[in-house]
Amino acid sequence: MTSDPIRLGVVGLGRAFMLMLPTFRADPRVALVAAAAPRAASRKAFEKEFGGYTYETIEDLCADTSVEAIYVATPHQMHRDHVVAAARAGKHILVDKPLAISLDDGTAMVKACRDAGVHLIVGPSHSFDGPVVQAKCLIDEGAIGAVHMINTWNFTDFLYRPRRLEELDTKQGGGVVFSQGAHQIDIVRLLAGGRGRNVTAMTGQWDPRRPTEGAYAALMSFESGAFAAFTYSGYAHFDSDEWMEWIGELGHLKDPAQYGGARRALATIASAREEAALKTARTFGAGAEPSMPDHHEHFGPIIVSGDRGDLRLTPQGVHVYGDEARTFHPAAPVDVPRSEVAKALFDAVRCGRSPAQTGAWGLASLEVCHAILQSAETGLPVNLRHQVSVTGEEGPDDRS
Ligand SMILES: NC(=O)c1ccc[n+]([C@@H]2O[C@H](COP(=O)([O-])OP(=O)(O)OC[C@H]3O[C@@H](n4cnc5c(N)ncnc54)[C@H](O)[C@@H]3O)[C@@H](O)[C@H]2O)c1
């Protein structure tokens, strides 16, 4: 166990922070020492539990010399300003996905961190999940030979959870492509080697009361010759957790009898203001906190096909279907949820070992989100230009 945890400040004590609470509470590699949040109730709750200092602004948090790294957990549209401010103050950064909304913002963030010589990690995305890391190790060990094809599906109620207005406006980063695509793309890129070549996609906007993308299907090719098919629907009908033994995204057992719960809850809300208030009610210092999960987190069924076999990822581990035998590789029990994220931050800051999910990596995944939207609009494939490999090598366009 470490005696020198990363002294972490947090900006934004909302839903994303709530989901990281079990990690911050239990992982010895990180110690929360300060926070910035506009809501007094959240600041008070933070001080009560973690001690340290709280501030109303990111600028004050950045000026706190006890903070060596900042977790940026504010809405997408604030990521650029908050990351650039933290980098200029010499803080290392963990920024929640997606890196940003526009590629220009993402590029500026990566540059600011490079110029300041600080680490920028984009996460947590589900590419940090234990079974995904396990699948990557199995691939690297040659368990299925070269990766040729990845298929991934996720059917959720994403669009019907309580949302702020901008989360239902694509131009402001709303919809499933930015918020959910970022997870799926990160996982697939990690397993396929990182550098994509092009994307063809279609998207669905099927509910005028939620006027943003609620679904997409995309096909992506990789420099390695591999290809991947992504399907996502957030329209709250079929739930692909049914295919995951009713283990939910966060690793908890789900009750199928609760079918339609998100829609029913939303139907009781009279206005956008009321809906935003309901979202706030799920933030730190205001709402119920997530309990300890029984299983690893996941992002729906994923099957990786190589020339000597297939891998199937589950919240309990990874199945390998080889030429002659089928084996199951159980994942280590979940001790601290999302401990892989704490490890990535610690390894980067204390040992100088960057994870795959750097700023440049996040920019490459963001480029795929934009390619999905662009291809859906034009009906044409979109070539990718900002791709990086798992070990950080840039593609031909970025090198020029
Ligand atoms: N990785 C995950 O599992 C996961 C889950 C949810 C959200 N997210 C990501 O986290 C980010 C935040 O989303 P969310 O759902 O938590 O939103 P949220 O609205 O629940 O939380 C955002 C918080 O930021 C605070 N905030 C707003 N302006 C601020 C400012 N200037 N300074 C400090 N704090 C400020 C708000 O008060 C709010 O508490 C998004 O980018 C989202 O994609 C990630």
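Per an unreviewed UniProt entry, the protein chain goes by Gfo/Idh/MocA family oxidoreductase and derives from Georhizobium profundi.

Asker: Help me out: how do you make sense of the site of the ligand in this one?
Answerer: In the vicinity of the ligand there are 25 residues, among which A16, H76, K97, P124 and K279 approach most closely. With respect to the ligand, the backbone of A16 contributes an N or O atom lying 2.7 Å from an oxygen atom. Protein burial of the ligand: of its 830 Å² of free accessible surface, 84% is covered by the chains. Top contributing element to the shell around the ligand by residue count: helix α1 (residues 15-26), with 3 residues.

Asker: So what exactly am I meant to see when it comes to the sheet that holds strand β4 (residues 69-72) here?
Answerer: Remark on secondary structure: sheet strands pair via backbone hydrogen bonds, oriented parallel or antiparallel. As summarised here, the arrangement of the 6 strands in space is β3-β2-β1-β4-β5-β6, forming an open sheet in which the pairing is parallel. At either margin of the open sheet sits one strand with a lone partner, and together these are β3 (53-55) and β6 (120-122). Strand-to-strand, the axes of this sheet are offset by a mean angle of 25 degrees, without reference to chain direction. Bridging between strand β1 (residues 6-11) and strand β2 (residues 30-36) involves 6 bridges; their strand directions are parallel.

Asker: What should I look at first to understand the UniProt feature "domain: GFO/IDH/MocA-like oxidoreductase" (unreviewed entry) in the protein chain in this one?
Answerer: Cross-referencing UniProt, the feature "domain: GFO/IDH/MocA-like oxidoreductase" (unreviewed entry) maps to residues 133-253 in the present numbering. Between the end C-alpha atoms of residues 133-253 there is a gap of 22 Å, over a span that is 20% helix and 27% strand.

Asker: Hey, could you run me through the domain arrangement of the protein chain in this one?
Answerer: The accessible area lost on association of the parts is a frequent measure of interface size. Domain assignment breaks the protein chain into domain 1 (6-126 + 338-358 + 389-399) and domain 2 (127-336 + 370-382). Residue-level contacts link 46 residues of domain 1 with 42 residues of domain 2. Regarding the contact of domain 1 and domain 2, the summed buried area is about 3,400 Å², with carbon and sulfur atoms giving 61% of it. It is R15, M18 and H126 in domain 1 that bury the most area against domain 2; as a group they hold 25% of the surface buried on that side. Applying the counting rule to domain 1 against domain 2 returns 2 salt bridges. For R338, the salt bridge is made with E297, and the minimal N-O distance between the two is 2.8 Å. Scanning the region where domain 1 abuts domain 2 turns up 22 residue pairs in polar contact (both at pLDDT 80 or more). Elements with a minimum of two residues in the side of domain 1 that touches domain 2: α1, α2 (40-50), β6, α11 (339-351) and α13 (396-399). Ranked by residue count, the leading element in the side of domain 1 that touches domain 2 is α1, at 9 residues.

Asker: Looking at this structure, how should I read α2?
Answerer: Residues separated by three or four positions in an α-helix point in the same direction, a consequence of the helix having 3.6 residues per turn. Listed as buried for α2 are S42, R43, A45 and F46. Burial along α2 is one-sided: seen end-on, the buried residues are contained in an arc of 165 degrees. Exposed side of α2, more than 90 degrees from the buried face: K44 and K48 are the residues found there. Buried residues belonging to α2 abut α1, β2 and β3. Note on α2: the residue one or two positions beyond its end, G51, has a positive phi of about 70 degrees.

Asker: Could you clarify how one ought to interpret unusual backbone geometry in this entry?
Answerer: Working note: non-glycine residues mostly have negative phi, and peptide bonds are mostly trans. P98 follows K97 through a cis peptide bond whose omega is -10 degrees. By secondary structure assignment, the location of P98 is in the loop between β5 (92-95) and α5 (103-116). With a phi angle near 60 degrees, A236 is a residue other than glycine that sits in the positive phi range. Along the chain, A236 turns up in the loop between β10 (227-233) and α9 (261-267). Under the relative-accessibility criterion, A236 is labelled buried at 13%. Its identity is not glycine, yet R338 carries a phi of approximately 60 degrees, on the positive side. Within the secondary structure layout, R338 lies in the loop between β14 (326-330) and α11. Judged by its relative accessible area of 14%, R338 falls in the buried class.

Asker: Would you mind going over the pattern of salt bridges with me for this structure?
Answerer: Side chains carrying opposite charge are able to pair once their charged atoms draw close together. Evaluated as defined, the whole model comprises 23 salt bridges. Note that R7 and E68 form a salt bridge whose closest N and O atoms lie 3.5 Å from each other. In this pair, R7 sits in strand β1 while E68 sits in the loop between α3 (58-62) and β4, placing the two residues 61 residues apart along the sequence. Classification of E68 by relative accessible area gives buried; the value is 14%.

About the cut-offs
Residues numbered from 1 in each chain as written. Predicted model: local features only at pLDDT ≥ 70, side-chain atom pairs only at ≥ 80, totals over all residues. Heavy atoms only, no water. Near = heavy atom within 4 Å. Polar contact = N/O pair within 3.5 Å; in protein donor to acceptor, adjacent residues only side chain to side chain. Areas by Shrake-Rupley, 256 points an atom, 1.4 Å probe, with all protein chains shown as cover. Helix = DSSP H or I, 4+ residues; strand = E, 2+ residues; numbered from the N terminus. Pairing = 2+ DSSP bridges. Axes fitted to C-alpha atoms, helices over the stretch in contact; angles between N-to-C directions. UniProt positions renumbered as here; feature names shortened; annotations may be inferred. Domains from an automatic or database assignment. Contact = heavy atoms within 4.5 Å. Buried area = accessible area lost by both parts, 1.4 Å probe. Salt bridge = Lys/Arg side-chain N within 4 Å of Asp/Glu carboxyl O. Buried < 20%, exposed > 50% of the residue type's maximum accessible area, 1.4 Å probe, protein only. Arc of directions from axis to C-beta.

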